[in-house]
Amino acid sequence: MTLSKKLIISFIFTIIISISITSFMSNTMINRKFDSYLIEEQKIKFERIRNEINNTFIEKGTTISNEDLAEFAASEGIYIEINDVNNKMLCHSNNKNLLNRGMMGMGNMMRHHMMMNQNGNYVEKTFNLLDGDNIIGNLVIGYIDNSHLTESALIFKDTLSTAFVISGIIAVIVGLIVSVFMSKSLTNPLVHITSTANEMRIGNLSSRSNVQTNTIEVKELSNSINFLAETLEKQEGLRKRYASDIAHELRTPLTTLKSYLEAIIDDVWEPSEEHLSILMEEVNRLTKLVEDLRYTFESSEAHPVLNKTKINISRELENIISTFKPLYLYEKYSLESSIEEDVEVVMDSDKLKQIIVNLLSNAMRYLKDNGKVMVSLSNENNLVKITVEDNGIGIKKEDLPYIFERFYRADISRNKETGGTGLGLSIIKNLVEAHEGNIYVESEFGKGTKFIVELPRGSFIFD
Ligand code: ATP
Ligand code: MG
(Lines give C-alpha, C1' and ligand atoms only; values in the text may rest on other atoms or scores of the structure.)
(Ligands and ions follow the chains in the order given, each with its own letter.)
Protein backbone atom coordinates (compact mmCIF):
# COMPACT_ATOMS: atom_id res chain seq x y z
CA MET A 1 0.00 0.00 0.00
CA THR A 2 1.37 3.46 -0.83
CA LEU A 3 2.18 5.86 1.97
CA SER A 4 -0.40 8.41 0.83
CA LYS A 5 -3.16 5.78 0.70
CA LYS A 6 -2.20 4.65 4.18
CA LEU A 7 -2.20 8.23 5.48
CA ILE A 8 -5.56 9.06 3.92
CA ILE A 9 -7.21 5.91 5.25
CA SER A 10 -5.94 6.38 8.79
CA PHE A 11 -6.86 10.06 8.71
CA ILE A 12 -10.42 9.35 7.59
CA PHE A 13 -10.71 6.48 10.05
CA THR A 14 -9.65 8.77 12.90
CA ILE A 15 -12.15 11.43 11.82
CA ILE A 16 -15.03 8.97 11.64
CA ILE A 17 -14.19 7.49 15.03
CA SER A 18 -13.87 10.85 16.74
CA ILE A 19 -17.04 12.23 15.11
CA SER A 20 -18.98 9.13 16.22
CA ILE A 21 -17.68 9.39 19.77
CA THR A 22 -18.41 13.10 19.93
CA SER A 23 -21.93 12.79 18.55
CA PHE A 24 -22.74 9.80 20.71
CA MET A 25 -21.48 11.50 23.86
CA SER A 26 -23.11 14.86 23.24
CA ASN A 27 -26.32 13.26 21.99
CA THR A 28 -26.79 11.20 25.13
CA MET A 29 -25.75 14.01 27.42
CA ILE A 30 -27.94 16.62 25.75
CA ASN A 31 -30.84 14.15 25.57
CA ARG A 32 -30.61 13.39 29.25
CA LYS A 33 -30.45 17.05 30.22
CA PHE A 34 -33.24 17.84 27.80
CA ASP A 35 -35.46 15.05 29.14
CA SER A 36 -35.07 16.14 32.73
CA TYR A 37 -35.83 19.70 31.64
CA LEU A 38 -39.04 18.54 29.93
CA ILE A 39 -40.06 16.48 32.96
CA GLU A 40 -39.47 19.52 35.15
CA GLU A 41 -41.63 21.55 32.74
CA GLN A 42 -44.36 18.91 33.02
CA LYS A 43 -44.23 19.10 36.79
CA ILE A 44 -44.71 22.84 36.64
CA LYS A 45 -47.59 22.33 34.22
CA PHE A 46 -49.30 19.84 36.55
CA GLU A 47 -48.81 22.22 39.48
CA ARG A 48 -50.46 24.99 37.43
CA ILE A 49 -53.36 22.69 36.53
CA ARG A 50 -53.75 21.71 40.16
CA ASN A 51 -53.89 25.38 41.15
CA GLU A 52 -56.47 26.23 38.53
CA ILE A 53 -58.70 23.27 39.42
CA ASN A 54 -58.21 23.98 43.12
CA ASN A 55 -59.49 27.52 42.58
CA THR A 56 -62.41 26.40 40.44
CA PHE A 57 -63.26 23.72 43.01
CA ILE A 58 -63.29 26.24 45.86
CA GLU A 59 -65.43 28.56 43.71
CA LYS A 60 -67.92 26.06 42.30
CA GLY A 61 -67.68 23.23 44.82
CA THR A 62 -69.61 20.14 43.82
CA THR A 63 -71.36 21.97 41.00
CA ILE A 64 -68.37 21.33 38.74
CA SER A 65 -69.58 19.26 35.83
CA ASN A 66 -67.86 16.60 33.74
CA GLU A 67 -68.20 18.86 30.70
CA ASP A 68 -66.34 21.65 32.47
CA LEU A 69 -63.40 19.29 32.98
CA ALA A 70 -63.59 17.52 29.61
CA GLU A 71 -62.78 20.61 27.56
CA PHE A 72 -59.96 21.62 29.87
CA ALA A 73 -58.49 18.10 30.00
CA ALA A 74 -58.63 17.70 26.22
CA SER A 75 -56.79 20.98 25.70
CA GLU A 76 -54.05 19.86 28.07
CA GLY A 77 -53.96 16.30 26.73
CA ILE A 78 -54.64 14.68 30.09
CA TYR A 79 -57.36 12.91 32.04
CA ILE A 80 -58.74 14.73 35.11
CA GLU A 81 -60.75 13.37 37.99
CA ILE A 82 -61.84 15.15 41.21
CA ASN A 83 -62.57 13.18 44.38
CA ASP A 84 -63.88 14.42 47.71
CA VAL A 85 -62.11 13.91 51.04
CA ASN A 86 -63.59 10.41 51.28
CA ASN A 87 -62.14 9.59 47.87
CA LYS A 88 -65.59 9.51 46.29
CA MET A 89 -65.43 10.61 42.68
CA LEU A 90 -67.23 13.90 42.11
CA CYS A 91 -66.56 14.38 38.46
CA HIS A 92 -64.10 13.39 35.67
CA SER A 93 -63.12 14.48 32.18
CA ASN A 94 -64.53 11.35 30.59
CA ASN A 95 -61.57 10.57 28.37
CA LYS A 96 -59.74 8.01 30.48
CA ASN A 97 -60.35 5.08 28.14
CA LEU A 98 -59.35 6.98 25.06
CA LEU A 99 -56.19 8.08 26.70
CA ASN A 100 -55.57 4.62 28.08
CA ARG A 101 -55.83 3.04 24.65
CA GLY A 102 -53.74 5.72 23.13
CA MET A 103 -56.58 6.79 20.83
CA MET A 104 -58.11 10.01 19.56
CA GLY A 105 -60.45 12.19 21.50
CA MET A 106 -57.91 14.40 23.12
CA GLY A 107 -56.52 17.73 22.09
CA ASN A 108 -55.01 18.13 18.70
CA MET A 109 -51.52 18.35 20.00
CA MET A 110 -51.97 15.22 22.08
CA ARG A 111 -53.32 13.27 19.15
CA HIS A 112 -50.41 14.17 17.04
CA HIS A 113 -48.04 13.36 19.82
CA MET A 114 -49.68 9.96 20.40
CA MET A 115 -49.06 9.01 16.79
CA MET A 116 -45.41 9.73 17.06
CA ASN A 117 -45.02 8.21 20.43
CA GLN A 118 -47.12 5.11 20.72
CA ASN A 119 -45.24 3.15 23.28
CA GLY A 120 -45.89 5.22 26.42
CA ASN A 121 -47.79 3.82 29.43
CA TYR A 122 -50.83 5.40 30.98
CA VAL A 123 -50.07 6.59 34.54
CA GLU A 124 -51.97 8.62 37.15
CA LYS A 125 -50.78 11.13 39.69
CA THR A 126 -52.78 12.34 42.69
CA PHE A 127 -52.65 15.88 44.08
CA ASN A 128 -54.37 17.26 47.17
CA LEU A 129 -56.97 20.00 46.74
CA LEU A 130 -56.68 22.51 49.56
CA ASP A 131 -58.71 25.30 51.09
CA GLY A 132 -56.12 27.14 53.13
CA ASP A 133 -54.48 24.33 55.08
CA ASN A 134 -57.50 22.01 54.92
CA ILE A 135 -57.64 19.16 52.48
CA ILE A 136 -60.94 19.40 50.68
CA GLY A 137 -60.44 16.61 48.18
CA ASN A 138 -57.96 15.30 45.67
CA LEU A 139 -57.21 15.63 42.03
CA VAL A 140 -56.11 12.75 39.81
CA ILE A 141 -54.25 13.58 36.64
CA GLY A 142 -53.86 10.75 34.15
CA TYR A 143 -51.30 10.98 31.33
CA ILE A 144 -49.05 8.96 29.10
CA ASP A 145 -45.69 8.69 30.89
CA ASN A 146 -43.69 9.96 27.92
CA SER A 147 -46.09 12.76 27.10
CA HIS A 148 -43.45 15.27 28.11
CA LEU A 149 -41.92 14.50 24.72
CA THR A 150 -43.92 17.02 22.81
CA GLU A 151 -43.74 17.39 19.04
CA SER A 152 -41.30 20.30 19.18
CA ALA A 153 -39.11 18.40 21.62
CA LEU A 154 -38.94 15.51 19.17
CA ILE A 155 -38.20 17.89 16.32
CA PHE A 156 -35.44 19.40 18.43
CA LYS A 157 -33.93 15.96 19.04
CA ASP A 158 -34.23 15.09 15.38
CA THR A 159 -32.53 18.33 14.38
CA LEU A 160 -29.74 17.62 16.81
CA SER A 161 -29.11 14.19 15.32
CA THR A 162 -29.27 15.57 11.78
CA ALA A 163 -26.78 18.28 12.76
CA PHE A 164 -24.38 15.62 13.99
CA VAL A 165 -24.74 13.58 10.82
CA ILE A 166 -24.24 16.64 8.60
CA SER A 167 -21.23 17.86 10.57
CA GLY A 168 -19.82 14.34 10.43
CA ILE A 169 -20.15 14.27 6.64
CA ILE A 170 -18.58 17.75 6.35
CA ALA A 171 -15.73 16.71 8.66
CA VAL A 172 -15.08 13.59 6.58
CA ILE A 173 -15.03 15.61 3.34
CA VAL A 174 -12.78 18.31 4.80
CA GLY A 175 -10.60 15.61 6.34
CA LEU A 176 -10.37 13.85 3.00
CA ILE A 177 -9.24 17.04 1.27
CA VAL A 178 -6.77 17.93 4.04
CA SER A 179 -5.36 14.40 4.19
CA VAL A 180 -4.96 14.17 0.42
CA PHE A 181 -3.15 17.51 0.45
CA MET A 182 -1.02 16.56 3.46
CA SER A 183 -0.08 13.13 2.21
CA LYS A 184 0.81 14.58 -1.19
CA SER A 185 3.03 17.20 0.39
CA LEU A 186 4.72 14.43 2.36
CA THR A 187 5.03 11.83 -0.36
CA ASN A 188 5.94 14.10 -3.28
CA PRO A 189 9.40 14.92 -1.83
CA LEU A 190 9.87 11.24 -1.01
CA VAL A 191 9.06 10.29 -4.59
CA HIS A 192 11.55 12.91 -5.74
CA ILE A 193 14.23 11.59 -3.38
CA THR A 194 13.57 8.04 -4.56
CA SER A 195 13.99 9.06 -8.19
CA THR A 196 17.29 10.74 -7.29
CA ALA A 197 18.43 7.54 -5.59
CA ASN A 198 17.39 5.55 -8.67
CA GLU A 199 19.33 7.96 -10.90
CA MET A 200 22.36 7.37 -8.70
CA ARG A 201 21.84 3.63 -8.93
CA ILE A 202 22.11 3.70 -12.70
CA GLY A 203 25.34 5.69 -12.39
CA ASN A 204 24.17 9.28 -12.69
CA LEU A 205 26.06 10.48 -9.63
CA SER A 206 25.68 14.15 -10.47
CA SER A 207 21.93 14.05 -9.86
CA ARG A 208 20.80 15.80 -6.69
CA SER A 209 17.52 15.84 -4.84
CA ASN A 210 16.17 19.36 -4.60
CA VAL A 211 12.99 19.07 -2.54
CA GLN A 212 10.93 22.00 -1.31
CA THR A 213 9.59 20.86 2.04
CA ASN A 214 9.35 22.12 5.58
CA THR A 215 9.24 18.61 7.05
CA ILE A 216 12.54 18.38 8.91
CA GLU A 217 12.91 14.60 8.58
CA VAL A 218 12.28 14.67 4.83
CA LYS A 219 14.68 17.60 4.43
CA GLU A 220 17.31 15.64 6.34
CA LEU A 221 16.73 12.58 4.19
CA SER A 222 17.15 14.70 1.08
CA ASN A 223 20.37 16.22 2.46
CA SER A 224 21.70 12.77 3.31
CA ILE A 225 20.98 11.52 -0.19
CA ASN A 226 22.76 14.54 -1.64
CA PHE A 227 25.69 14.01 0.68
CA LEU A 228 25.84 10.38 -0.37
CA ALA A 229 25.75 11.38 -4.05
CA GLU A 230 28.48 13.93 -3.49
CA THR A 231 30.68 11.43 -1.68
CA LEU A 232 30.14 8.79 -4.35
CA GLU A 233 30.82 11.32 -7.08
CA LYS A 234 34.03 12.43 -5.36
CA GLN A 235 35.15 8.85 -4.92
CA GLU A 236 34.32 8.07 -8.51
CA GLY A 237 36.39 11.09 -9.58
CA LEU A 238 39.19 10.00 -7.30
CA ARG A 239 39.12 6.50 -8.72
CA LYS A 240 39.38 7.82 -12.28
CA ARG A 241 42.12 10.18 -11.21
CA TYR A 242 44.07 7.38 -9.61
CA ALA A 243 43.76 5.30 -12.74
CA SER A 244 45.03 8.06 -15.01
CA ASP A 245 47.74 9.15 -12.58
CA ILE A 246 49.00 5.59 -12.40
CA ALA A 247 49.06 5.26 -16.14
CA HIS A 248 50.95 8.51 -16.40
CA GLU A 249 53.44 7.68 -13.72
CA LEU A 250 54.17 4.32 -15.30
CA ARG A 251 54.55 5.79 -18.73
CA THR A 252 57.31 8.31 -17.91
CA PRO A 253 59.92 5.77 -16.72
CA LEU A 254 58.87 3.34 -19.44
CA THR A 255 59.43 6.03 -22.08
CA THR A 256 62.83 6.77 -20.58
CA LEU A 257 63.76 3.07 -20.66
CA LYS A 258 62.52 2.80 -24.21
CA SER A 259 64.62 5.78 -25.36
CA TYR A 260 67.72 4.32 -23.71
CA LEU A 261 67.16 0.93 -25.28
CA GLU A 262 66.54 2.49 -28.68
CA ALA A 263 69.80 4.41 -28.29
CA ILE A 264 71.59 1.17 -27.51
CA ILE A 265 69.98 -0.59 -30.47
CA ASP A 266 70.94 2.31 -32.75
CA ASP A 267 74.49 1.99 -31.47
CA VAL A 268 74.55 5.61 -30.28
CA TRP A 269 74.75 4.63 -26.66
CA GLU A 270 77.09 1.96 -25.45
CA PRO A 271 75.63 -0.76 -23.17
CA SER A 272 78.40 -0.28 -20.62
CA GLU A 273 77.97 -1.29 -17.02
CA GLU A 274 77.52 2.34 -16.01
CA HIS A 275 74.76 2.85 -18.58
CA LEU A 276 73.02 -0.39 -17.75
CA SER A 277 72.97 0.58 -14.09
CA ILE A 278 71.13 3.76 -15.12
CA LEU A 279 68.54 1.51 -16.76
CA MET A 280 68.48 -0.65 -13.66
CA GLU A 281 67.74 2.40 -11.56
CA GLU A 282 64.74 3.23 -13.74
CA VAL A 283 63.48 -0.33 -13.36
CA ASN A 284 63.93 -0.02 -9.60
CA ARG A 285 62.02 3.23 -9.65
CA LEU A 286 59.18 1.52 -11.50
CA THR A 287 59.11 -1.29 -8.97
CA LYS A 288 59.08 1.22 -6.12
CA LEU A 289 56.33 3.16 -7.81
CA VAL A 290 54.13 0.09 -8.06
CA GLU A 291 54.76 -0.57 -4.36
CA ASP A 292 53.89 3.05 -3.53
CA LEU A 293 50.68 2.84 -5.49
CA ARG A 294 49.54 0.01 -3.31
CA TYR A 295 49.98 2.27 -0.27
CA THR A 296 48.25 5.13 -2.04
CA PHE A 297 45.27 2.91 -2.69
CA GLU A 298 45.13 1.82 0.89
CA SER A 299 44.79 5.38 2.10
CA SER A 300 41.49 6.79 0.92
CA GLU A 301 42.68 10.38 0.95
CA ALA A 302 43.21 12.44 -2.16
CA HIS A 303 46.61 13.46 -0.84
CA PRO A 304 49.65 11.40 -1.71
CA VAL A 305 51.27 9.40 1.03
CA LEU A 306 54.57 11.05 1.93
CA ASN A 307 57.56 9.20 3.24
CA LYS A 308 59.55 12.13 4.57
CA THR A 309 63.23 11.78 5.41
CA LYS A 310 66.13 14.17 5.68
CA ILE A 311 67.74 14.33 2.26
CA ASN A 312 70.59 16.20 0.64
CA ILE A 313 68.51 17.81 -2.05
CA SER A 314 71.61 19.17 -3.84
CA ARG A 315 72.94 15.68 -4.34
CA GLU A 316 69.54 14.29 -5.32
CA LEU A 317 69.19 16.96 -7.99
CA GLU A 318 72.68 16.32 -9.35
CA ASN A 319 71.82 12.63 -9.64
CA ILE A 320 68.60 13.24 -11.50
CA ILE A 321 70.32 15.66 -13.83
CA SER A 322 73.07 13.17 -14.61
CA THR A 323 70.42 10.58 -15.48
CA PHE A 324 68.84 13.00 -17.91
CA LYS A 325 72.02 14.33 -19.45
CA PRO A 326 72.51 11.44 -21.95
CA LEU A 327 68.91 11.82 -23.11
CA TYR A 328 69.41 15.51 -23.72
CA LEU A 329 72.71 14.86 -25.48
CA TYR A 330 71.02 12.25 -27.64
CA GLU A 331 68.54 14.92 -28.80
CA LYS A 332 71.43 17.40 -29.18
CA TYR A 333 70.11 19.60 -26.41
CA SER A 334 72.07 20.87 -23.48
CA LEU A 335 71.23 20.45 -19.82
CA GLU A 336 73.03 22.67 -17.33
CA SER A 337 72.74 23.29 -13.64
CA SER A 338 73.60 25.75 -10.92
CA ILE A 339 73.09 23.92 -7.65
CA GLU A 340 73.83 25.34 -4.20
CA GLU A 341 75.82 22.65 -2.42
CA ASP A 342 74.70 20.45 0.48
CA VAL A 343 71.24 21.86 1.03
CA GLU A 344 69.29 19.58 3.32
CA VAL A 345 65.52 19.29 3.41
CA VAL A 346 62.98 16.99 4.96
CA MET A 347 60.84 15.55 2.23
CA ASP A 348 59.89 12.44 0.28
CA SER A 349 62.89 11.85 -2.02
CA ASP A 350 60.85 9.78 -4.50
CA LYS A 351 58.33 12.55 -4.82
CA LEU A 352 61.13 15.04 -5.36
CA LYS A 353 62.40 12.83 -8.14
CA GLN A 354 58.92 12.62 -9.63
CA ILE A 355 58.64 16.42 -9.61
CA ILE A 356 62.01 17.08 -11.23
CA VAL A 357 61.71 14.24 -13.74
CA ASN A 358 58.35 15.57 -14.88
CA LEU A 359 59.71 19.10 -15.26
CA LEU A 360 62.78 17.91 -17.14
CA SER A 361 60.79 15.70 -19.50
CA ASN A 362 58.38 18.56 -20.16
CA ALA A 363 61.26 20.92 -20.88
CA MET A 364 62.85 18.42 -23.24
CA ARG A 365 59.58 17.67 -24.94
CA TYR A 366 58.93 21.33 -25.71
CA LEU A 367 62.46 22.38 -26.78
CA LYS A 368 63.37 23.62 -30.28
CA ASP A 369 66.69 23.38 -32.11
CA ASN A 370 69.59 24.49 -29.93
CA GLY A 371 67.45 23.69 -26.97
CA LYS A 372 68.92 24.49 -23.59
CA VAL A 373 67.66 23.76 -20.12
CA MET A 374 68.98 25.22 -16.89
CA VAL A 375 68.25 23.74 -13.47
CA SER A 376 69.06 25.78 -10.36
CA LEU A 377 68.75 25.30 -6.64
CA SER A 378 68.98 28.00 -4.00
CA ASN A 379 68.16 28.12 -0.34
CA GLU A 380 66.75 31.30 1.19
CA ASN A 381 65.21 31.68 4.64
CA ASN A 382 64.32 28.03 5.11
CA LEU A 383 62.73 28.01 1.68
CA VAL A 384 64.30 25.89 -1.02
CA LYS A 385 63.82 27.24 -4.53
CA ILE A 386 64.27 25.00 -7.57
CA THR A 387 63.90 26.45 -11.06
CA VAL A 388 63.79 24.64 -14.38
CA GLU A 389 64.17 27.07 -17.24
CA ASP A 390 64.13 26.24 -20.94
CA ASN A 391 64.37 28.19 -24.18
CA GLY A 392 61.68 26.06 -25.81
CA ILE A 393 58.43 26.89 -27.53
CA GLY A 394 56.95 28.68 -24.50
CA ILE A 395 53.32 28.80 -23.48
CA LYS A 396 50.69 31.23 -24.79
CA LYS A 397 49.40 33.75 -22.28
CA GLU A 398 45.84 32.44 -22.56
CA ASP A 399 47.01 28.89 -21.73
CA LEU A 400 49.10 29.82 -18.71
CA PRO A 401 46.31 29.82 -16.10
CA TYR A 402 45.25 26.31 -17.06
CA ILE A 403 48.42 24.29 -17.53
CA PHE A 404 48.31 22.90 -13.96
CA GLU A 405 44.82 21.58 -14.57
CA ARG A 406 44.46 17.91 -15.19
CA PHE A 407 44.40 16.87 -18.87
CA TYR A 408 45.09 20.41 -20.04
CA ARG A 409 47.46 20.56 -22.97
CA ALA A 410 48.33 23.90 -24.51
CA ASP A 411 49.10 22.95 -28.06
CA ILE A 412 47.12 19.86 -28.81
CA SER A 413 48.38 19.37 -32.38
CA ARG A 414 51.97 19.38 -31.26
CA ASN A 415 51.15 17.39 -28.17
CA LYS A 416 49.65 14.68 -30.31
CA GLU A 417 53.12 13.94 -31.66
CA THR A 418 54.72 14.07 -28.27
CA GLY A 419 51.99 11.92 -26.76
CA GLY A 420 51.41 13.88 -23.57
CA THR A 421 48.17 13.52 -21.66
CA GLY A 422 48.28 16.79 -19.72
CA LEU A 423 48.57 15.09 -16.35
CA GLY A 424 52.22 15.71 -15.46
CA LEU A 425 51.89 19.24 -14.11
CA SER A 426 48.74 18.49 -12.12
CA ILE A 427 50.55 15.60 -10.42
CA ILE A 428 53.55 17.82 -9.69
CA LYS A 429 51.34 20.53 -8.23
CA ASN A 430 49.63 17.97 -6.02
CA LEU A 431 53.00 16.66 -4.79
CA VAL A 432 54.46 20.12 -4.19
CA GLU A 433 51.38 21.17 -2.26
CA ALA A 434 51.47 17.97 -0.23
CA HIS A 435 54.88 19.21 0.94
CA GLU A 436 53.31 22.61 1.74
CA GLY A 437 55.22 24.18 -1.12
CA ASN A 438 54.25 26.19 -4.20
CA ILE A 439 54.82 25.94 -7.91
CA TYR A 440 54.74 28.85 -10.36
CA VAL A 441 55.29 29.25 -14.07
CA GLU A 442 56.66 32.12 -16.07
CA SER A 443 56.61 31.83 -19.85
CA GLU A 444 56.86 33.79 -23.00
CA PHE A 445 55.43 32.21 -26.11
CA GLY A 446 58.21 31.34 -28.57
CA LYS A 447 60.97 32.21 -26.13
CA GLY A 448 60.91 29.78 -23.26
CA THR A 449 59.43 28.71 -19.98
CA LYS A 450 60.52 28.78 -16.36
CA PHE A 451 59.02 26.64 -13.61
CA ILE A 452 59.73 27.67 -10.02
CA VAL A 453 59.20 25.20 -7.19
CA GLU A 454 59.36 26.50 -3.63
CA LEU A 455 59.58 23.97 -0.82
CA PRO A 456 59.86 24.52 2.92
CA ARG A 457 63.01 22.87 4.27
CA GLY A 458 60.82 21.13 6.84
CA SER A 459 61.55 20.55 10.52
CA PHE A 460 64.56 18.41 11.29
CA ILE A 461 63.07 16.37 14.07
CA PHE A 462 65.72 13.72 13.49
CA ASP A 463 68.67 16.06 14.20
P1 ATP B 1 52.14 14.45 -19.61
O2 ATP B 1 50.90 14.06 -18.86
O3 ATP B 1 52.70 13.33 -20.36
O4 ATP B 1 53.11 15.19 -18.80
P5 ATP B 1 51.94 16.95 -20.86
O6 ATP B 1 53.38 17.15 -20.73
O7 ATP B 1 51.29 17.43 -22.10
O8 ATP B 1 51.55 15.44 -20.71
P9 ATP B 1 51.77 18.54 -18.50
O10 ATP B 1 53.12 18.10 -18.12
O11 ATP B 1 50.74 18.63 -17.46
O12 ATP B 1 51.18 17.60 -19.63
O13 ATP B 1 51.82 19.92 -19.21
C14 ATP B 1 50.66 20.58 -19.57
C15 ATP B 1 50.86 21.44 -20.80
O16 ATP B 1 51.68 22.54 -20.45
C17 ATP B 1 51.61 20.74 -21.85
O18 ATP B 1 50.73 20.03 -22.70
C19 ATP B 1 52.27 21.88 -22.62
O20 ATP B 1 51.38 22.43 -23.54
C21 ATP B 1 52.51 22.88 -21.51
N22 ATP B 1 53.89 22.82 -21.04
C23 ATP B 1 54.35 22.21 -19.95
N24 ATP B 1 55.66 22.40 -19.80
C25 ATP B 1 56.05 23.15 -20.83
C26 ATP B 1 57.33 23.69 -21.26
N27 ATP B 1 58.43 23.47 -20.57
N28 ATP B 1 57.35 24.44 -22.39
C29 ATP B 1 56.24 24.65 -23.08
N30 ATP B 1 55.00 24.18 -22.76
C31 ATP B 1 54.93 23.44 -21.63
MG1 MG C 1 54.42 16.60 -18.86
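Rules behind the numbers
- Residues numbered from 1 in each chain as written.
- Chains lettered and ligands numbered in written order.
- Predicted model: local features only at pLDDT ≥ 70, side-chain atom pairs only at ≥ 80, totals over all residues.
- Heavy atoms only, no water.
- Phe/Tyr/Trp six-rings, centres within 6.5 Å; stacked < 30°, edge-to-face > 60°.
- Helix = DSSP H or I, 4+ residues; strand = E, 2+ residues; numbered from the N terminus.
- Buried < 20%, exposed > 50% of the residue type's maximum accessible area, 1.4 Å probe, protein only.
- Lys NZ or Arg CZ within 6 Å of the ring centre and 35° of its normal.
- Pairing = 2+ DSSP bridges.
- Axes fitted to C-alpha atoms, helices over the stretch in contact; angles between N-to-C directions.
- Near = heavy atom within 4 Å.
- Polar contact = N/O pair within 3.5 Å; in protein donor to acceptor, adjacent residues only side chain to side chain.
- Areas by Shrake-Rupley, 256 points an atom, 1.4 Å probe, with all protein chains shown as cover.
- 1 Å grid on protein atoms, 1.4 Å probe; cavity = no way out; pocket = protein on both sides within 12 Å on 5 of 7 lines; lining within 4 Å.
- Points joined across faces, edges and corners; volume = space filled by probe spheres on them.
- Nonpolar A, V, L, I, M, F, W, Y, C, P; charged D, E, K, R; others polar.
- Salt bridge = Lys/Arg side-chain N within 4 Å of Asp/Glu carboxyl O.
- Core = buried A, V, L, I, M, F, W, Y, C linked by side-chain atoms within 4.5 Å.
- Contact = heavy atoms within 4.5 Å.

Caption draft 1: A look at the packing of aromatic side chains. Evaluated as defined, the whole model comprises eight aromatic pairs. When the centroid spacing of 4.6 Å and the interplanar angle of 40° are considered together, the rings of Phe34 and Phe156 count as tilted. Remark: Phe156 occurs in helix H5 (residues 151–201) and Phe34 occurs in helix H1 (residues 3–60); sequence separation between them is 122 residues. Using a relative accessible area of 15% as the deciding quantity, one classes Phe34 as buried. Measuring from ring centre to ring centre gives 4.5 Å for Tyr260 and Trp269, while their planes differ by 20°; the resulting arrangement is stacked. Neither Tyr260 nor Trp269 differs from the other in exposure class; each is buried. Cluster of aromatic residues (ring-pair linked, three or more members): Phe34, Tyr37 and Phe156. Across from the ring centre of Phe404, 5.4 Å away, lies the NZ or CZ of Lys429, which sits over that ring.

Caption draft 2: Focus on the sheet that holds strand S1 (residues 79–83). As summarised here, the arrangement of the four strands in space is S2-S1-S4-S3, forming an open sheet in which the pairing is antiparallel. Looking at which strands have only one partner, the edges of the open sheet turn out to be strand S2 (89–92) and strand S3 (122–131). Adjacent strand axes in the sheet meet at a mean angle of 20°, parallel and antiparallel pairs treated alike. Bridge count for S1 against S2 is three bridges, and the pairing is antiparallel. Each bridged residue has a counterpart across the sheet, and for Ile82 the counterpart in S2 is Cys91.

Caption draft 3: Summary view of the site of ligand 1. Around ligand 1 sit 23 residues in total, of which Asn362, Arg365, Asp390, Leu423 and Leu425 are the nearest. In this structure, Arg251 approaches ligand 1 through a side-chain N or O atom, which is 3.0 Å from an oxygen atom. One nitrogen or oxygen atom from the side chain of Asn362 is found 2.8 Å from an oxygen atom belonging to ligand 1. Burial of ligand 1 by the protein chains amounts to 98% of its free accessible area of 580 Å². Put simply, the parts of the chain that give the shell around ligand 1 at least two residues each are helix H6 (216–265), helix H9 (349–365), helix H11 (424–434) and strand S11 (448–456). When residues of the shell around ligand 1 are assigned to their parent elements, the largest contribution, three residues, is made by H9.

Caption draft 4: Seen up close, empty space enclosed by the protein. Under the counting rule described, the total for this entry stands at two cavities of 30 Å³ or more. The computed volume of the largest cavity comes to approximately 80 Å³. For the largest cavity, the full set of lining residues is Thr252, Pro253, Thr256, Glu282, Arg285, Ile320, Thr323, Phe324, Leu327, Lys353 and Val357. For the lining of the largest cavity, the secondary-structure elements that each account for two or more residues are H6, helix H7 (273–298), helix H8 (313–330) and H9. Here the element with the most residues in the lining of the largest cavity is H8; it accounts for four residues. Across the lining of the largest cavity, the residue classes tally to five nonpolar, three polar and three charged.

Caption draft 5: Seen up close, the pattern of salt bridges. Applying the stated criterion across every chain yields a total of eleven salt bridges. For Glu47, the salt bridge goes to Arg50, with nearest N and O atoms at 3.4 Å. Placement of the pair is Glu47 and Arg50 together in helix H1, with a separation of three residues, close to one helical turn. A relative accessible area of 38% places Glu47 in the partly exposed class. With a shortest N-O distance of 3.9 Å, Lys351 and Asp348 are connected by a salt bridge. Judged on exposure class, the residue Lys351 and its partner Asp348 are both buried. Several salt bridges share partner residues, and in doing so they unite Arg48, Glu52 and Glu76 into one network.

Caption draft 6: Structural context of the nonpolar core. Grouped together as the largest cluster of nonpolar side chains are 52 residues, with contacts concentrated most on Ile313, Tyr328, Leu360 and Ile386. Here this core gets eight residues from one element, more than from any other, and that element is H9. In contact with Leu360, not counting residues within four places along its chain, are Ile320, Phe324, Tyr328, Leu335, Val373, Val375 and Val388. Ile64, Leu69, Ile78 and Leu129 belong to the second largest nonpolar core, which has 16 residues in total.

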